There are 2 protein chains.
Amino acid sequence: MPSAIASRKTQEKPREIMDAAEDYAKERYGVSSMIQSQEKPDRVLVRVSDLTVQKADEVVWVRARVHTSRAKGKQCFLVLRQQQFNVQALVAVGDHASKQMVKFAANINKESIIDVEGVVRKVNQKIGSCTQQDVELHVQKIYVISLAEPRLPLQLDDAVRPEMEGEEEGRATVNQDTRLDNRVIDLRTSTSQAVFRLQSGICHLFRETLINKGFVEIQTPKIISAASEGGANVFTVSYFKNNAYLAQSPQLYKQMCICADFEKVFCIGPVFRAEDSNTHRHLTEFVGLDIEMAFNYHYHEVVEEIADTLVQIFKGLQERFQTEIQTVNKQFPCEPFKFLEPTLRLEYCEALAMLREAGIEMGDEEDLSTPNEKLLGRLVKEKYDTDFYILDKYPLAVRPFYTMPDPRNPKQSNSYDMFMRGEEILSGAQRVHDPQLLTERALHHGIDLEKIKAYIDSFRFGAPPHAGGGIGLERVTMLFLGLHNIRQTSMFPRDPKRLTP
Amino acid sequence: MPSAIASRKTQEKPREIMDAAEDYAKERYGVSSMIQSQEKPDRVLVRVSDLTVQKADEVVWVRARVHTSRAKGKQCFLVLRQQQFNVQALVAVGDHASKQMVKFAANINKESIIDVEGVVRKVNQKIGSCTQQDVELHVQKIYVISLAEPRLPLQLDDAVRPEMEGEEEGRATVNQDTRLDNRVIDLRTSTSQAVFRLQSGICHLFRETLINKGFVEIQTPKIISAASEGGANVFTVSYFKNNAYLAQSPQLYKQMCICADFEKVFCIGPVFRAEDSNTHRHLTEFVGLDIEMAFNYHYHEVVEEIADTLVQIFKGLQERFQTEIQTVNKQFPCEPFKFLEPTLRLEYCEALAMLREAGIEMGDEEDLSTPNEKLLGRLVKEKYDTDFYILDKYPLAVRPFYTMPDPRNPKQSNSYDMFMRGEEILSGAQRVHDPQLLTERALHHGIDLEKIKAYIDSFRFGAPPHAGGGIGLERVTMLFLGLHNIRQTSMFPRDPKRLTP
């Protein structure tokens, strides 16, 4: 019963208040003892998002954080926050609240979690600063469930302020390291809540689409015995008395699953790159959304499946996560993400021609630099009005040894990248499924055959033609939302200089 | 066009056949050149599982593996396999096939992938050895797409033979190391196909259930800066010029997400344990299905959500994966998995009483040994007829420092394990969300506070009461199917002695 809980909640009430014998509300507020599952009360806690005029005049219990508080004579206004929703609450001296209770409420540290009993009241004037604009809560009881320390390392209001506004109006914003050092608080902002809910949605849409297409989810090992691609950029692990490595991609395992007749597989998991790159888009650990698929005659069968999967993700996000997109846009304004159906596919030589026409000098077998990648994105956007496209038929010379050469042009390969807002989010190819050609290609790349023996042997007992690709989850999130740093879309980012929290 | 492809398929035909000038079928068979996406023919490949009497007398193209072949006079019978399905095919000298063509078909190495054109014919007598029992394929064209080497390291028929049958009839079975060393082939068996399709289903059902319950999927880092629980059993990683560690669980990060107001989170990802345990149920890398959830008043709110999630998984598997379950049962016979709704919850002291009644001597604060765990499972099955139950209220002494003590009994804790067929698959607890109590508990456990400072600090700015748990995916798969070794349910298992493939 509610009263049973309430009655035990006075233990830590400040002395000055306890001394005031005339406090007629003393059972109605206080710091609750720690919840250790002592009881199972049948009290229902109403969600802040459900506080609407439909509930007008009802008495409800709410658990929420103190977002802000402001005392004003015999009243205290609180903004109570629950995830991305908030509501105004009023504690006013009267039948239910004493002077002492109002003072208590006004002194609760911001970010503390409280339980509040109150009456939902319709307001005459919309409360513009809250998500629940049509009602406020008239508080009758208030108990602190978990007290926050008085000094916060960052203010949530500062953390959601648009950069521009901060600069123009001289108001505080929060720099990235402060955010990341205090990630538990930074993740509470409406922007962060929206970013990571949308990211959860990307994973869900990715899997939903692929499972509907008949793919099987696989789990691939992250600790591997040999650094597959020559040993660069790989983290070493002490494995009992030996050394092992962290997988730079699940590719070899995906391919083994194809050779093992799973036909269409996907996986979502961490990918590790020991690259000392300190850029806006590199992490040492990121989440890979990986696809591998056997095809019948042409790797475009796979390219089409991957592109369609991404299109389904984009559509699903725009349908199901419009609120989240708008929330992020408030802080980081951005054009809506545009894409075509079917997806635009350009060949590398076409892209080269566009870049050359724009004054860029590039060799036929040269890879795209980051600035050229971005320029190309702008040129494609101008010409085709899409933020998403496929670049097909990369020069063989710039791709890994296991990439299938184009049989009609020895300088080209059956490989592709996909781009969002001018940045690469996926790299993929038809793989060489013939052990003899694979051996030749590895030798050509100067790779020690002994180290990739197990890999090559996987193809000796009948291997279907196949292709695939790997998508970076954080990049897709960043570029879909038009953010500018990958650390905004990784909950706990890892880079050469950051390994905490 | 089909004929365009067929006409280029003769290049590698054996000399003896090429010499036979009278071969009227020479364009109808051969070794195809490697598929490098030269063309996009509009040929439709029919699935083996779709070869039924509905297709009788149709001419179809099929791509499949040669499972077995048997020449018999002027005929050759092939069993063509595609994943878990197979069909009989007949190449017989006649209008479409020459003597040479039959010989060619008979000599194709097992496990090779072939394209076959044939007429679907209804058979009078069911073909008991194939999944497609009512039809066979009368082959008109046959091309090798990917040739397997002649000697297979293991035979698929041996690999699916039940142990008992092997022992009683003196027929070959395949030992575990041979299987794992040649995993690409071992995974092609109907048993492996079923096991890993069902495992994919577990992940899907887990997420489907939790997303419907309002959970958010999170991604937690695997490279961490400090070994959280004292440093035992943790793998060390070289991280640029420093050392880092591989996460033994996502728990700290899940909890940070709860402190960051995500309320209900889950993740699926690798978990690393540097334990030198060589048992049937330990791996050094496994897949954790992790849940963490804020609750209102009692951790049983969370226990019920987790138990219900597992029940939804069991139900979903029995509904959607009955074929897979039966396929595995053919090789590994096993009683159907039984569970109750709601899930049986026993307290630790009740379990102790049951064990003591069965003659086991155990102290009140002693943990369950593996044999006692299994015995308890049998006692529970006898008494309650369930293979799944919760054991609640473990002794505080046997749980980690962050476990919430039971306020009503200082020797007990608000913690629980869950069991399937008498083996632990989940360990969980209400966590201490109060930084002061957490500090006390850590000191009591002799943990260096400096090393867990960031963890404790996560709770300083308001933390809701919460609980959670971690499930081992491979264990759930193993125990649901009644298998006996966790290496059967990990595609590429890692243990102290195995790091390949």
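On a predicted model such as this, the values are computed, not experimentally measured, just so you know.

Participant: For this particular structure, what's the right way to read the overall build of chain A?
Facilitator: What chain A contains, in helices and strands, is 16 helices and 19 strands. Every one of the 501 residues in chain A was classed for burial, and the buried ones make up 60%. Partitioning the intrachain contacts of chain A with sequence separation of at least 6 by distance along the chain shows that 68% fall at a separation of at least 24. Of the accessible surface of chain A, which amounts to about 20100 Å², a share of 47% is contributed by carbon and sulfur atoms. Side-chain charges in chain A split into 63 positive and 70 negative, and the spacing between the mean points of these groups amounts to 7 Å.

Participant: What should I look at first to understand the relation of the copies chain A and chain B in this one?
Facilitator: Each of the two chain copies can be generated from the other by rotation about an axis followed by a shift along it. With an axial shift of 0.0 Å and an RMSD of 0.0 Å, the rotation relating chain A to chain B amounts to 180°. When the rotation and shift are considered jointly, the pair of chain copies conforms to a two-fold rotation axis. Minimal C-alpha distance to the rotation axis in chain A is attained by V237(A), lying at 2.2 Å. Looking at chain A, 100% of its interface residues are interface residues in chain B too, so the copies touch through the same face.

Participant: Please clarify how the pairing of strand β11 (residues 264–272) of chain A should be interpreted in this entry.
Facilitator: The side chains of a regular strand alternate, residue by residue, between the two faces of the sheet. All names here are of chain A. Counting buried positions along β11 gives eight out of nine residues, so the element sits mostly inside the fold. The pairing of strand β7 (residues 216–217) with β11 spans two bridges and is parallel. For V216, the partnering residue across the bridge sits in β11 and is V265. Of the pairings in the sheet, the one linking β11 to strand β12 (residues 285–294) comprises nine bridges and is antiparallel in character.

Participant: Is there a simple way to think about the packing of aromatic side chains in this case?
Facilitator: Aromatic ring pairs are defined here through the distance separating the ring centres and the angle between the ring planes. The full count for this structure, using the stated rule, is 38 aromatic pairs over all chains. Consider the rings of F314(A) and F388(A), whose centres lie 5.1 Å apart with planes at 80°: the pair is edge-to-face. Taken together, the residues F314(A) in helix α10 (residues 300–320) and F388(A) in strand β14 (residues 388–392) connect sequence positions 74 residues apart. Among the residues examined, F388(A) registers a relative accessible area of 0% and is labelled buried. Between the aromatic rings of Y389(B) and F419(B), the centroid separation amounts to 5.2 Å while the plane-to-plane angle is 15°, which identifies the pairing as stacked. Within this pair, whereas Y389(B) is found in strand β14 (residues 388–392), its partner F419(B) is found in strand β17 (residues 415–420), the two being separated by 30 residues in sequence. The same class applies to Y389(B) as to F419(B), namely buried.

Participant: Honestly, the pattern of salt bridges in this entry has me stumped. Any pointers?
Facilitator: Where charged atoms from two side chains of opposite charge come close, those side chains can pair. If you walk through the whole model with that rule in mind, you get 88 salt bridges over all chains. With a closest N to O distance of 2.9 Å, R487(B) and D495(B) form a salt bridge. The two residues R487(B) and D495(B) agree in class, both being buried. Salt bridges sharing common partners tie together R65(A), R81(A), E111(A), R188(A) and D261(B).

Participant: Could you clarify how one ought to interpret the environment of L481(B) in this entry?
Facilitator: Residue and element names in this part refer to chain B. Looking at the element boundaries, L481 is found in the segment after α16 (473–480). Separated by 457 residues in sequence, L481 and Y24 place their C-alpha atoms 53 Å apart. Contact partners of L481, with chain neighbours within four places excluded, come to V195, L198, I325, V328, N329, C334 and R421.

Participant: Is there a simple way to think about the packing of helix α8 (residues 190–212) of chain A against α10(A) in this case?
Facilitator: Each packed pair of helices is defined by two parameters, the angle between the axes and the distance between the axes. Residues and elements named next belong to chain A. Across the interface, α8 lies against α10 with an axial gap of 9 Å and an inter-helix angle of 135°. With respect to each other, α8 and α10 are oriented oblique. Relative to α10, the crossing made by α8 is right-handed. Between α8, through L198, G201, I202, H204, L205, F206, E208, T209 and L210, and α10, the contact on the second element is made entirely by T309, Q312, I313, G316, L317 and R320. Considered class by class, the residues forming the contact of α8 with α10 number seven nonpolar, six polar and two charged.

Participant: Just to check I follow, could you spell out the sheet that holds strand β17 (residues 415–420) of chain A for this structure?
Facilitator: Residue and element names in this part refer to chain A. Taken in spatial order, the eight strands line up as β7-β11-β12-β19-β18-β17-β14-β13 in an open sheet, and their pairing is mixed. Two strands in the sheet have a free side with no partner beyond their single neighbour: β7 and β13 (344–347). With five bridges joining them, strand β18 (residues 423–430) and strand β19 (residues 466–472) adopt antiparallel strand pairing. Bridge assignment links L426 to a residue of β19, and that residue is I471.

Participant: Sorry, what's going on with the interface of chain A and chain B here?
Facilitator: Interface size is often expressed as the accessible area that is lost when the parts come together. Contact residues are listed per partner, giving 108 residues for chain A and 108 residues for chain B. At the surface where chain A touches chain B, the tally comes to ten salt bridges. We note a salt bridge from R207(A) to E217(B), for which the minimum N-O separation is 2.5 Å. Counting across the interface, chain A meets chain B through 68 residue pairs in polar contact (both at pLDDT 80 or more). With nine residues, α8(A) is the largest single contributor of residues to the side of chain A that touches chain B. Its residues assigned to classes, the side of chain A that touches chain B shows 56 nonpolar, 25 polar and 27 charged.

Rules used in this analysis
Residues numbered from 1 in each chain as written. Chains lettered and ligands numbered in written order. Predicted model: local features only at pLDDT ≥ 70, side-chain atom pairs only at ≥ 80, totals over all residues. Heavy atoms only, no water. Helix = DSSP H or I, 4+ residues; strand = E, 2+ residues; numbered from the N terminus. Buried < 20%, exposed > 50% of the residue type's maximum accessible area, 1.4 Å probe, protein only. Contact = heavy atoms within 4.5 Å. Areas by Shrake-Rupley, 256 points an atom, 1.4 Å probe, with all protein chains shown as cover. Lys, Arg positive; Asp, Glu negative; His and termini not counted. Charge placed at Lys NZ, Arg CZ, Asp CG, Glu CD. Least-squares fit on C-alpha atoms with pLDDT ≥ 70 in both. Pairing = 2+ DSSP bridges. Phe/Tyr/Trp six-rings, centres within 6.5 Å; stacked < 30°, edge-to-face > 60°. Salt bridge = Lys/Arg side-chain N within 4 Å of Asp/Glu carboxyl O. Axes fitted to C-alpha atoms, helices over the stretch in contact; angles between N-to-C directions. Parallel < 35°, antiparallel > 145°, perpendicular 65-115°, else oblique. Left-handed = near helix turned anticlockwise from the far one by under 90°. Nonpolar A, V, L, I, M, F, W, Y, C, P; charged D, E, K, R; others polar. Polar contact = N/O pair within 3.5 Å; in protein donor to acceptor, adjacent residues only side chain to side chain.

Honestly, that's just the spatial picture; any functional story needs more than this.
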